[in-house]
Amino acid sequence: MFASVPRSFITGAIRSPGKKALLLEASKTLSSEESKKEIHEVSGDVICPSQVMGIDHLRDPRLNKGLAFTLEERQALGIHGLQPARFKTQEEQLELCRISIDRYQEDLNKYLYLTELHDRNEKLFFRLLTENIEALMPIVYTPTVGLACQKFGLIYRRPRGLFITINDIGHVFEVLRNWPEPNVRAIVVTDGERILGLGDLGACGMGIPVGKLALYTALAGIKPHECLPIVLDVGTNNQNLLEDPLYVGLRQKRVTGKLYDDFVDEFMEAVVRRYGQNTLIQFEDFANHNAFRLLKKYRDYYCTFNDDIQGTASVAVSGLMACKRITGKKFSENTFCFLGAGGAALGIADLIVRAMVLEGSSIEDARSKIWMMDIDGLLAKERIEGNLDGHKKYYAKDHPPTKDFAGLVNEIRPSVLIGASATGGAFTQDILTAMGTFNDRPVIFALSNPTAKAECTAEQAYTFTEGRCIFASGSPFAPVKIGNTLFKPGQGNNAYIFPGVALGILTSGIHHISEDVFLIAAETVAENVSEDDLSKGRIYPPLRTIREVSVQIAIKIIEYAYKERIATVYPKPEDLRRYVEERQYNHNYEPSLPQLWQWPKGPYIKTRPMEPAKLTHK
Ligand SMILES: NC(=O)C1=CN([C@@H]2O[C@H](COP(=O)(O)OP(=O)(O)OC[C@H]3O[C@@H](n4cnc5c(N)ncnc54)[C@H](OP(=O)(O)O)[C@@H]3O)[C@@H](O)[C@H]2O)C=CC1
Ligand SMILES: CC(=O)C(=O)O
Ligand SMILES: [Mg+2]
């Protein structure tokens, strides 16, 4: 069925047909060998001017500059008259974008505006996002992206990303081959089973890979055409979606077991076959029971990481490193108490253990300082025989089982409280007040997303600890004024980590990603926290600096990769910053006309006068 592919399918699936596409006979088919030499008008790094004509310069988001096309460009490209007479700079266009966004009251409408801009003018979208990251990250990312996923069936307009369903098993490579970009370097993939703290959203989870990859470009300058968002649609167990006439995914219960595993195996193999073994595959928002399993299965064979486990661990440990500068306590001098023992919480716990071991603790001592509670209560030794799966048992305590979180907090008197349970409001006033009585500077992280799932708000944390806590949250909170002090809480979100890590991996050519990479990223983010940030209660650098932080993370990862002899880019670049920056996306417009070049000087350009041809016959 997939052995041959209609030509029109390859060239016209996403973009409007260009000159080349029009020349193709839609009815012809390519053999699978032929189709490896796909024709791309506007794809990859090189855009061939002769392959795009007239109105396609306005229709293709990679080429479109709207009113910023000059008169010369409009005439030469054949688009003169297709737009109003006005010429605008990109700065003027940005101003219009800001005005347009401000006119929308609802965040979901702002999200839709940005989606439309992304589809219309890629450079303008990314420049707008990059230069206004503090205002717009909450729209393209948590919390609004959560709402966009919940409303996906309603707001779906144009395709973005690849939907591979369980029915495609046996043909995953052919589906991947339909993606029009030849140079994909990074994939964010979800199966939609645990979208933020919102549960199983099936194929509607596509908003997450799309949002994460928008941050790859905005926060780390990874080129948009090198990024591919993917949903593996194996069904959904969300009954509301199954009954929703607007649902756009497969209307069936989730496939599990061997068939699921075979499908994901085939997907991984197909990615390598299509885009090479250095393609980075970021797993995102898989349910706990698959997240750890798949990470363990693939991490030594593919270039892959799980962001919810490893990226979150890194950002939390980074925050704790910055806290150290306020509390003066080493990791091992703290007692940690977690609500939640899933992918995020266990990932954080493991990296904290690693940090304590680096400080000189034994693994057992380190684990003994970490208390965790899941939906069934405290991870207690008595539960090991019952339902404590592999990873949780490392943190099981010799303590009677209990589900009383407030009671546990009062008993163990933690210095650090971490929420990754997706239970909004679980850090009650009593718990927060108690944290304030045990500690001068209690550390409180409410990491669950989106905002409604945060274990407490910034205001609650500061109010109930009399402004003494060090607070961070997964989704952003506005500054809080307590007395005369204005606190600006930091966003403890893996967005500080994954873009820089991805940039480092792609530029060093690392195949397999070790935990060290995430410790390096954590240290780099923590180093970028200034005394001024700390004085405002912020343990993360301001969001507007992440792009620079990402470059620093990448440089350190490259250095580490060469030291450990795991880099695969040879020779080692001399100037790493320059090397990284030269590979980053440029969101400023460039000339749209083919460059006219100077002929080289010298004899080559001296055209000798042609001698008249001698007639050899009369
Ligand atoms: N800030 C950030 O960067 C990130 C934030 N997150 C957020 O963290 C949250 C959890 O993500 P993740 O760990 O991947 O999800 P998981 O589903 O893997 O884990 C959720 C954990 O919370 C536990 N839990 C659920 N309800 C309760 C309850 N009432 N009391 C105690 N524990 C409870 C679950 O128990 P059980 O194990 O028994 O099911 C599980 O251990 C999500 O909201 C997610 O958005 C995730 C990644 C990054
Ligand atoms: C931030 C993130 O990855 C999550 O909430 O799942
Ligand atoms: Mg996630």
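Residues numbered from 1 in each chain as written. Chains lettered and ligands numbered in written order. Predicted model: local features only at pLDDT ≥ 70, side-chain atom pairs only at ≥ 80, totals over all residues. Heavy atoms only, no water.

1. Comments concerning the overall build of the protein chain
Right, on to step 1. Helix and strand content of the protein chain: 27 helices and 16 strands.
Right, on to step 2. Taking the intrachain contacts of the protein chain between residues at least 6 apart in sequence as the baseline, contacts between residues at least 24 apart amount to 71%.
Right, on to step 3. Entry remark: accessible area of the protein chain is about 27,900 Å², with carbon and sulfur atoms responsible for 53%. (Helix = DSSP H or I, 4+ residues; strand = E, 2+ residues; numbered from the N terminus. Contact = heavy atoms within 4.5 Å. Areas by Shrake-Rupley, 256 points an atom, 1.4 Å probe, with all protein chains shown as cover.)

2. So, the pairing of strand β13 (residues 470-473)
Right, on to step 1. Of the two faces of β13, the one lined by Ile470 and Ala472 and the one lined by Phe471 and Ser473 are each fully buried.
Right, on to step 2. Bridge analysis of strand β12 (residues 443-446) against β13 gives 4 bridges, and the strand direction is parallel. Paired with Ala446 across the two strands is Ser473, which belongs to β13.
Right, on to step 3. Handedness of the crossover joining β12 and β13 through helix α22 (residues 458-464): right-handed.
Right, on to step 4. As paired strands, β13 and strand β16 (residues 490-491) are joined by 2 bridges and run parallel to one another. In the sheet register, Ser473 faces β16, and the bridge partner there is Gln491. (Buried < 20%, exposed > 50% of the residue type's maximum accessible area, 1.4 Å probe, protein only. Pairing = 2+ DSSP bridges. Right-handed = clockwise from strand over helix to strand, strands pointing away.)

3. Things to note about the environment of Ala420
Right, on to step 1. Structurally, Ala420 is set in the loop between β11 (416-419) and α21 (429-438).
Right, on to step 2. Note: C-alpha distance between Ala420 and Leu447 (27 residues apart in sequence) is 5.4 Å.
Right, on to step 3. Each residue touching Ala420, except ones within four places of it in the same chain, is listed here: Leu339, Gly340, Ala344, Ala345, Ser448 and Glu455.

4. Some remarks on the site of ligand 1
Right, on to step 1. Around ligand 1, the structure places 27 residues, and the nearest of them are Arg194, Ala341, Ala344, Lys392 and Asn494.
Right, on to step 2. The separation between an oxygen atom of ligand 1 and a polar main-chain atom of Ala341 is 2.8 Å.
Right, on to step 3. Separating an oxygen atom of ligand 1 from a backbone N or O atom of Asn494 is a distance of 2.9 Å.
Right, on to step 4. Starting from 920 Å² of accessible surface for ligand 1 in isolation, the protein chains cover 83%.
Right, on to step 5. If you list the elements that add at least two residues to the shell around ligand 1, you get α17 (307-327), α18 (343-359) and β9 (370-374).
Right, on to step 6. Across the shell around ligand 1, the residue classes tally to 9 nonpolar, 14 polar and 4 charged.
Right, on to step 7. Among the domains, domain 2 (91-302) and domain 3 (309-576) are the pair contributing at least three residues each to the shell around ligand 1. (Near = heavy atom within 4 Å. Polar contact = N/O pair within 3.5 Å; in protein donor to acceptor, adjacent residues only side chain to side chain. Nonpolar A, V, L, I, M, F, W, Y, C, P; charged D, E, K, R; others polar. Domains from an automatic or database assignment.)

5. Describing the UniProt feature "binding site: a divalent metal cation" (unreviewed entry) in the protein chain
Right, on to step 1. Those places that UniProt annotates as "binding site: a divalent metal cation" (unreviewed entry) correspond, in this numbering, to Glu284, Asp285 and Asp308. Spanning 25 residues, the annotated positions come together in the fold, the maximum distance between their C-alpha atoms being 6.7 Å.
Right, on to step 2. In this structure, Glu284 sits in the loop between β6 (280-283) and α16 (288-298).
Right, on to step 3. Each residue touching Glu284, except ones within four places of it in the same chain, is listed here: Val188, Val189, Thr190, Ile208, Lys212, Asp307 and Asp308.
Right, on to step 4. Along the chain, Asp308 turns up in helix α17.
Right, on to step 5. Taking the relative accessible area as the measure of exposure, Asp308 reaches 9% and is therefore buried.
Right, on to step 6. With residues near it in sequence (within four places) discarded, Asp308 still touches Arg194, Phe283, Glu284, Asp285, Phe286, Gly343, Ala344 and Asn494. (UniProt positions renumbered as here; feature names shortened; annotations may be inferred.)

6. Thoughts on the site of ligand 2
Right, on to step 1. Every residue lining ligand 2 is accounted for by Tyr141, Arg194, Leu196, Lys212, Glu284, Asp285, Asp308, Asn449, Asn493 and Asn494.
Right, on to step 2. At 2.7 Å from an oxygen atom of ligand 2 is found a side-chain nitrogen or oxygen belonging to Asn449.
Right, on to step 3. Interatomic distance of 3.1 Å between a side-chain N/O atom of Asn494 and an oxygen atom of ligand 2.
Right, on to step 4. In isolation ligand 2 exposes 210 Å². Once the protein is present, 91% of that is buried.
Right, on to step 5. Taken together, the residues that form the shell around ligand 2 break down as 2 nonpolar, 3 polar and 5 charged.
Right, on to step 6. When residues of the shell around ligand 2 are sorted by domain, at least three fall in each of domain 2 (91-302) and domain 3 (309-576).

7. Section: the environment of Thr485
Right, on to step 1. Structurally, the position occupied by Thr485 is in strand β15 (residues 485-487).
Right, on to step 2. Taking the C-alpha atoms as reference, Thr485 lies 37 Å from Ile555; in sequence the two are 70 residues apart.

8. A closer look at the nonpolar core
Right, on to step 1. With 163 residues, the main nonpolar core has Tyr216 and Phe267 as its most contacted residues.
Right, on to step 2. The element that contributes the greatest number of residues to this core is helix α26 (residues 546-563), accounting for 11 residues.
Right, on to step 3. Each of domain 2 (91-302) and domain 3 (309-576) contributes no fewer than three residues to this core.
Right, on to step 4. With near-sequence residues (within four places) excluded, Phe267 lies in contact with Ile164, Val172, Ile187, Val189, Ile230, Leu232 and Ile281.
Right, on to step 5. Phe405, Leu408, Ile431 and Leu432 belong to the second-largest nonpolar core, a separate cluster that totals 28 residues. (Core = buried A, V, L, I, M, F, W, Y, C linked by side-chain atoms within 4.5 Å.)

9. Remarks on the UniProt feature "active site" (unreviewed entry) in the protein chain
Right, on to step 1. Using the residue numbers shown here, the UniProt feature "active site" (unreviewed entry) corresponds to Tyr141 and Lys212. Separation in sequence by 72 residues is not matched in space for these annotated residues, since their most distant C-alpha atoms are only 7.3 Å apart.
Right, on to step 2. Tracing the backbone shows Tyr141 in the loop between α9 (133-140) and α10 (144-150).
Right, on to step 3. Tyr141 sits in the buried class, given a relative accessible area of 6%.
Right, on to step 4. Once residues within four sequence positions are removed from consideration, Tyr141 is found in contact with Lys212, Leu215, Asn493, Asn494, Ala495 and Phe498.
Right, on to step 5. Summarising the element assignment, Lys212 is placed in helix α13 (residues 207-220).
Right, on to step 6. With residues up to four places along the chain from it excluded, the contact list for Lys212 reads Tyr141, Val188, Gln282, Glu284, Asp307, Asn494 and Phe498.

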